[in-house]
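Next come the chains, spelled out residue by residue.
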Amino acid sequence: QNYLDNFWPDLKAAHELFDSILQARRERDSESQENNGKEYPEHLPVEILEAGIKSGRYIQGTLNVNKHRAQLEAFVRLQGFGSKETG
């Protein structure tokens, strides 16, 4: 902001761009604070997920996605099963 004010006071487009970037950053920071620093909000609270895993309603595993064909190839490696058993 100081650089623009001191060296480019008449360059309206640069000031508008700076204000836009600053506003976007503020919004991202406020969203991050609302989500307790997490990038994505949780779909279900941790307590419900843990109870669902214990009861067998949910399964826990690792999602593996093919980086070259991400929209077509992915699988879940179930936790606690052998490396060849996937779902």
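Since the model is a prediction, treat every value here as computed from it, not as a measurement. (Residues numbered from 1 in each chain as written. Predicted model: local features only at pLDDT ≥ 70, side-chain atom pairs only at ≥ 80, totals over all residues. Heavy atoms only, no water.)

## Here's the deal with the overall build of the protein chain
Thought 1: Of the regular secondary structure elements, the protein chain holds three helices and two strands.
Thought 2: Going residue by residue from the N terminus, the α and β elements of the protein chain occur as α-α-α-β-β.
Thought 3: For the protein chain, the residues scored as buried account for 6% of the 87 residues in total. (Helix = DSSP H or I, 4+ residues; strand = E, 2+ residues; numbered from the N terminus. Buried < 20%, exposed > 50% of the residue type's maximum accessible area, 1.4 Å probe, protein only.)

## Focus on the pattern of salt bridges
Thought 1: Counted according to the given criterion, the structure contains three salt bridges.
Thought 2: In this structure, Lys-12 and Glu-16 form a salt bridge, with 3.8 Å as the shortest nitrogen-oxygen distance. Here Glu-16 and Lys-12 lie together in helix H2 (residues 12–34), a separation of four residues that amounts to about one turn.
Thought 3: Its relative accessible area of 58% is what places Lys-12 among the exposed residues. (Salt bridge = Lys/Arg side-chain N within 4 Å of Asp/Glu carboxyl O.)

## Considering the packing of aromatic side chains
Thought 1: Counting across every chain of the model gives one aromatic pair.
Thought 2: Ring centres 5.2 Å apart and planes at 40 degrees place the aromatic pair Tyr-3 and Phe-7 in the tilted group. Taken together, the residues Tyr-3 and Phe-7, both in helix H1 (residues 2–7) and four residues apart, mark about one turn of the helix.
Thought 3: The exposed category is assigned to Tyr-3, whose relative accessible area is 52%.
Thought 4: With a relative accessible area of 58%, Phe-7 lands in the exposed category. (Phe/Tyr/Trp six-rings, centres within 6.5 Å; stacked < 30°, edge-to-face > 60°.)

## Some thoughts on a nonpolar patch on the surface
Thought 1: Together, Tyr-3, Phe-7, Trp-8 and Leu-11 make up an exposed nonpolar region whose accessible area comes to about 480 Å².
Thought 2: The exposure class assigned to Leu-11 is partly exposed, which follows from its relative accessible area of 40%. (Patch = residues over 30% accessible without salt bridge, like charges linked within 9 Å, V, L, I, M, F, W, Y side chains within 5 Å. Areas by Shrake-Rupley, 256 points an atom, 1.4 Å probe, with all protein chains shown as cover.)

## Quick notes on the confidence of the model for the protein chain
Thought 1: Confidence in the prediction for the protein chain averages 85 pLDDT; 84% of positions are at 70 or higher.
Thought 2: The least confident element of the protein chain is H2, whose mean pLDDT is 88; the most confident is H1, at 94. (pLDDT = per-residue confidence, 0-100.)

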